Structure formats: structure tokens, C-alpha cells
Amino acid sequence: MRRRLLPIGLAAVSVAAGAFAAVDPTPAVPAASSEEFAPPLVPVLSPRRVPGAFSAAIADARLRADLDAALAGTPRSCLVVSRHGTRVHQVRADDRLVPASNLKILTGLAVLEKLGAHSRLTTDVRTAAPLRDGVLHGDLWLVGGGDPLLGTAEYAASLRNQPQLYTPLEQLADRIKAAGVTAVVGAVRGDESRYDTQRYIPTWRPTYIVDAEVGPASALTVNDGYAQWRPRHVAATAPATHAAGMLATLLQQRGVAVAGGAGEGRQPDGTRSLATLDSAPMREVVGQMLRESDNLTAELLVKELGVRFAREGSTAAGLRVLRETVAAEGLPADHVVTVDGSGLDRGDRASCTAILAALEKTGPESPIGTGMPVAARDGTLAQRFTGHPAAGRLRAKTGSLAGVTGLSGWLDSLAFAFLANDVPREAVGRTLQENVAAVLARYPDAPPPEELAPR
């Protein structure tokens, strides 16, 4: 259907009039007769006299109309779109809605701002026992540093999207052997005392645990806290003991005997370090959290905020730091309610204004921007938007819970945040995401300036 340019043209007349209202410095010339000049084909005050502004006005008007049409019938939704920091359109922008995993954008911003893009989390192997002729006469302590990606090659290879970022526990076993250990008389014991031992948020739906949406939280987590992942995921009942047992197995595979098996506890005073293993830089850890929508990574990073800046490795302490950081960065903190860091809890709230502000604060070239999945290419969008006009162009964080959908990020020059609640089915939520992205992908949908300029 052809679109009418007249209403937009009239709106742009004032722009053209302003352009010609300036004083003309050209010297006056005698008036010409009607025979010397024909009347202009385009009136002086026509919007065609400013074709660039006229084209942009058409594009913006079409974008607004098409987005309103895409959201028709979804009253519990919000949407904000900006271009180079200027708002192009907004619908109920300040409504506080359940954000689902779009909350991870705010978590990532706080983590990068407080911990720094280049910081790392360190797993340490320590002992207080003497080492004589390769034999360690006592226990080996595996001390968790909160690395959410500590795991084994076998587990990493089992994950859907490849390749996966992880911190190889095998390297730590290699380093222990390289330190001269050939046998451990005692046990390998896990120390998770950096954080508290609350494994899950009490108000989460039990299905999140049953369906392996998130593993048990611990400062010493190996393989996302799963003791088994084939044919189904089974969470370790004691994550620290499980991690110690995994390390003991890897040592034995390398010819290092472990007589005492595995256990857990707090390391004694007077230990010394035998080997350490650093995580990837924080910018990559946050990128993995966003790209794969990793719930456990989000929860552990919140607890790390608590340890570093509130002296308590708990979710509550970490969320206080998160909210303080949001406010300090000039974002509308009163638009945000956090019960967790991952967005799994239905008590979380955020507005599209707050999410867009976080995106604009960081930018598409930041660790937040480059960490987002790309449509039809990787992460949670690897199998999405195939054959869609946004394929390869959309870089955005998805969000999905029962009745909740969200999509926020960048598409070419546009930054946007979209949330919808009370969505009847997941398929409807995906269609809403795709319809919004299709409108954004058409922008700028307008005749080019050269077609609108006076002829």
C-alpha cells in the first residue's frame, strides 16, 4: 500500500521555513520581468527544500506507525527506540515490567563497572602439609574464587552452542603435577567459604531447578554444579565436595595418587599456594553470560559484587551494590527492582527506559555490546531469525519466562529495549520479538533525499 507523504510534508514545512528565514547576504538585484523567470516548480516553503530532514521525518514517522502496529493488542508492554542517543519512539517507556533475562544487561553493567573489564577470578590450590620427594603429607585444598566457568573439557563439549568459553580444570591438575606433587597422602578438600551457601533464590519456581535452568550456587563451582549431565542434568548436593572429587579424578588420571579421596571444609591457617588458575577476563565472562543467557554466571557475579564491595558473599549484599551502581551511573534506579541477578525471579522489575539507558551508557562496541548474541549466528540467537531481515544485523539480549518476553540491544544505528508481560504463549512472545525486529530492520524506510530534492 502506498504511503501518504502529505501529512509528514506539512509537518516538515516549518523546518524548511526556518532554513529560509535567515537574512540573505546577496546584494539586491533589479526585479526581473515575468518574461525572464518562470515560477518555481517547488514552492519556497516546501519541505522538499530540505530533502534530508524531509526523508528522516518520513522514516521516523513510518517507524513509529509500524512499531505501534506490531505492539497492537499487547497493553502490558514497553518499547523505547533511540538513534545516536535521540529517542525516535517510545511506548509506555517507564512502566515497570518483569524483565526476564534482559535484567542481565544491568547485572553486566554493574559487574564491569565495579570489577573492571580486565579483572579475573582465581581458583587456588593450597596446602599446609610438607611436600617431600613428591609426596604431600596432608590435605590439598581447592579454594573457590567464584569462577562460574570452571569446568572440564567433557562438560564444555556437551553444551549446545560451540565453542564454549570455560576455565579448564585440567590445567589446574597439570599445574599441581608440575609443582612436583606425585602423591597426596591426605584428601582433596573443597573450600567454598568465599560466598554463602544459599544455592537458589527461595522464590524461584522449582521447575527452574528440575529443568536445569540454573545449577546450585557456590564459590567453588565445577561444570555449573552438575554431578551428571547425560542423559539429564543432576545437580551436585555438595558442590564443593563435587569439585574436589573432579580434581582428584583428574590428578589420578595424571598419575598423582590421592589416598584420602575428596571432601570439603574451610582451609586451615598457614596454608601456602601450590597452583592457581585464572578465569577469562571479566569482559569475556560477562559476554558469555549475555550470549548464552547463563543464569548461574549472573548469580555468582552478583555474589562477587557482595564480597568485594559489601564484605558479604551473598545475593542480598551483591544486589545492594548492583542498585547503587545503577544509580551512580545515572540510570533511573527507581525503575529497577532486583530479587536476583539473572532475571529468573518474577519479582524482578525494570522499565524499558532503564534498560535502554544501560545500553546507551555502554554502547555497541563495549563488552556489553560485543557480548550480545547475533541473530542467526551465535548464543541464544544461533537458531533464531534465520532468513529474517535482521539476521546478522541484530545484536540483542533475549528474555523469556512464562508469560514474559523481551528483546533489547542494537540493530544498525538503532538502540532499543522491548518488554512484554501477560504473553499467552512462548510462540506469541517470539513472534512479537520478530515483528519488532523486522520493523527496526527496515529503518530508514523512506525515499532517499535525492528523490525528494527540488528538480
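Details of the structure are given in the entry above.
What this report covers is the structure whose coordinates are included nearby. Keep in mind the model is a prediction, meaning the values are calculated, not measured.

### Quick look at the overall build of the protein chain
Link 1 in the chain: Broken down by element type, the protein chain carries 14 helices and 18 strands.
Link 2 in the chain: Expressed as a percentage of its 455 residues, the buried residues of the protein chain come to 52%.
Link 3 in the chain: Counting every atom, the protein chain has about 20200 Å² of accessible surface; 52% of that belongs to carbon and sulfur.

### A look at the sheet that holds strand β5 (residues 135-136)
Link 1 in the chain: Across the sheet, four strands lie side by side as β4-β5-β9-β13; this open sheet has mixed pairing. Bordering the open sheet on either side are β4 (131-132) and β13 (257-258), each of which pairs with just one other strand.
Link 2 in the chain: Looking at chain direction, β4 and β5 are connected through two bridges and run antiparallel. Looking at the pairing, R132 lines up with V135 of β5.

### Overview of the side chain of H388
Link 1 in the chain: As for its placement among the helices and strands, H388 is situated in the loop between α12 (367-371) and β16 (394-401).
Link 2 in the chain: When its relative accessible area of 16% is taken as the criterion, H388 is described as buried.
Link 3 in the chain: Ignoring sequence-local partners within four residues, the contact set of H388 consists of E434, A437 and A438.

### Brief notes about the side chain of E304
Link 1 in the chain: Residue position: E304 is located in helix α9 (residues 295-310).
Link 2 in the chain: A polar side-chain atom of E304 sits 2.5 Å from a polar atom in the side chain of Y195.

### Overview of the packing of helix α3 (residues 103-115) against α9
Link 1 in the chain: The geometry of α3 relative to α9 is characterised by a closest axis approach of 10 Å and an angle of 40° between their N-to-C directions. Seen from above, α3 lies across α9 with left-handed handedness. Across the interface between the two elements, K104, T107, A110, V111, K114 and L115 of α3 pack against N295, A298, L301, V302, E304, L305, R308 and F309 of α9.
Link 2 in the chain: Here the contact of α3 with α9 is composed, by residue class, of eight nonpolar, two polar and four charged.

### Focus: the state of the cysteines
Link 1 in the chain: The tally for this structure, following the rule as stated, stands at one disulfide.
Link 2 in the chain: Shown here is the disulfide that connects C78 with C352, its sulfur atoms set 2.1 Å apart. Here the disulfide of C78 and C352 is right-handed, its torsion about the S-S bond being about 80°. Of this pair, C78 sits in strand β1 (residues 77-83) while C352 sits in helix α11 (residues 352-362), and the two are 274 residues apart along the sequence. C352 matches C78 in its accessibility class, with the two residues each being buried.

Reading guide: rules and limits
- Residues numbered from 1 in each chain as written.
- Predicted model: local features only at pLDDT ≥ 70, side-chain atom pairs only at ≥ 80, totals over all residues.
- Heavy atoms only, no water.
- Helix = DSSP H or I, 4+ residues; strand = E, 2+ residues; numbered from the N terminus.
- Buried < 20%, exposed > 50% of the residue type's maximum accessible area, 1.4 Å probe, protein only.
- Areas by Shrake-Rupley, 256 points an atom, 1.4 Å probe, with all protein chains shown as cover.
- Pairing = 2+ DSSP bridges.
- Contact = heavy atoms within 4.5 Å.
- Polar contact = N/O pair within 3.5 Å; in protein donor to acceptor, adjacent residues only side chain to side chain.
- Axes fitted to C-alpha atoms, helices over the stretch in contact; angles between N-to-C directions.
- Left-handed = near helix turned anticlockwise from the far one by under 90°.
- Nonpolar A, V, L, I, M, F, W, Y, C, P; charged D, E, K, R; others polar.
- Disulfide = S-S within 2.5 Å.

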